[in-house]
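# Descriptive structure summary
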Amino acid sequence: MFKKLDILDEKDKRLRMTSKDATLPLSKEYKKIIQQIIDELTYSQIEEYATKYDLRPGMGLAFPQLGILDRIIVIVHEYEEGKFDNYVVVNPKIVSYSEEMIAAEVGEGCLSVNRDVEGHVPRYARVTIEGYDEDGNKIKIRAREELSIAFQHEVDHLNGILFYDRINKDKPFFNEGEIRLI
Ligand code: ZN
């Protein structure tokens, strides 16, 4: 039986707090929550299940979005039609990033933001993330394009930042040549 996660809405103050490092290895309870997140993010990106369970499509979730202020992020990336890669990073750090900036042309969305927010969110085109897996082994991930945006979006959640904080209010859209739109 699939039970939907209780995701906090943007008005909840916990989304504005800085999360603390998680203790490793993760508890059985945390691992269970991670599996629930993976299931829900995967289902949300498969139309049949998204409709069946009334899920908004999303590729990432951070623990603070569940009201748990631990530095854990989960990303389910559809790298090819119907094929998904799961990324679970505990205590992630962006250790290097490209000079080149990109933005999602259609803007970003967030499972905690239940409305459309228009505007381009500037992000690094490529990032390298270091952190730990659920058992405490060190991991390093290189991400580019859409996946790079996802990692930056989720790491922001650990620092109480929502994507629209990064949209320039006076000039929310970039022009051609100012940034690469993907
Ligand atoms: Zn989000």
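Up top is the structure.
Residues numbered from 1 in each chain as written. Predicted model: local features only at pLDDT ≥ 70, side-chain atom pairs only at ≥ 80, totals over all residues. Heavy atoms only, no water.

### Description of unusual backbone geometry
Across the junction of L24 and P25, the peptide omega takes the value -10°, indicating a cis bond. Structurally, P25 is set in the segment before α1 (28-44). Phi at E145 is positive, roughly 55°, even though this residue is not glycine. Examined against the element boundaries, E145 turns out to sit in helix α3 (residues 145-158). (Helix = DSSP H or I, 4+ residues; strand = E, 2+ residues; numbered from the N terminus.)

### Considerations on the pairing of strand β3 (residues 83-97)
Strand residues, when the strand is regular, have side chains that alternate between the two faces of the sheet. In this structure, strand β2 (residues 72-80) lies alongside β3, joined through eight bridges in antiparallel fashion. By the bridge assignment, I75 is partnered in β3 with Y87. The antiparallel pairing of β2 with β3 creates a hairpin that spans two residues between the two strands, and G82 there sits at a positive phi of about 80°. In terms of strand pairing, β3 meets strand β6 (residues 126-132) through five bridges, oriented antiparallel. The partner of I94 across the bridge, within β6, is I129. (Pairing = 2+ DSSP bridges.)

### Quick word on the sheet that holds strand β5 (residues 123-124)
Strand order in the open sheet made by the three strands is β5-β4-β8, with mixed pairing throughout. Of all the strands in the sheet, just β5 and β8 (180-181) have a single pairing partner and so form its edges. Alignment of strand β4 (residues 101-103) against β5, held across two bridges, turns out to be antiparallel. When the sheet's bridge partners are listed, M101 is paired in β5 with Y124.

### Re α1
In this model, α1 (17 residues) spans 24 Å end to end at C-alpha, consistent with the 24 Å of a helix rising 1.5 Å per residue. Taken together, the buried positions of α1 are occupied by Y30, I33, I34, I37, I38, E40, L41, T42 and S44. Buried residues along α1 sit in contact with α2 (47-52), β1 (60-62), β2 and β3. (Expected span 1.5 Å × (residues − 1). Buried < 20%, exposed > 50% of the residue type's maximum accessible area, 1.4 Å probe, protein only. Contact = heavy atoms within 4.5 Å.)

### Re the sheet that holds β1
Spatially, the five strands line up as an open sheet ordered β1-β2-β3-β6-β7, and their pairing is antiparallel. Looking at strand neighbours, the two that pair on one side only are β1 and β7 (138-144), the edges of this open sheet. Mean inter-strand twist for the sheet, computed between neighbouring axes without regard to direction, equals 40°. Contacts from α1 reach β1, β2 and β3, with the element oriented near 30° to β2. (Axes fitted to C-alpha atoms, helices over the stretch in contact; angles between N-to-C directions.)

### Topic: the nonpolar core
With 20 residues, the main nonpolar core has I34, I37, F63 and I72 as its most contacted residues. Sorting elements by how many residues they give to this core places α1 first, with six residues. Every residue in contact with I72, bar those within four places of it in the chain, is listed here: A22, L26, Y30, I34, L61, A62, F63, V89, V90 and L158. Membership of the second largest hydrophobic core comes to 15 residues, among which are A150, F151, V155 and L158. (Core = buried A, V, L, I, M, F, W, Y, C linked by side-chain atoms within 4.5 Å.)

### Focus on the pattern of salt bridges
A side chain of one charge can pair with a side chain of the opposite charge if their charged atoms are brought near each other. In total, this model carries 16 salt bridges according to the counting rule given. Its salt-bridge partner being K20, residue D70 comes within 3.1 Å of it at the nearest N-O pair. Linking D70 in the loop between β1 and β2 with K20 in the segment before α1, this pair joins segments that are 50 residues apart in sequence. On the basis of relative accessibility, which here comes to 5%, the residue D70 falls in the buried class. In this structure K20 comes out as exposed when scored by relative accessible area, which is 52%. Among the charged side chains, a network of salt bridges with common partners joins E100, R126, E145 and R180. (Salt bridge = Lys/Arg side-chain N within 4 Å of Asp/Glu carboxyl O.)

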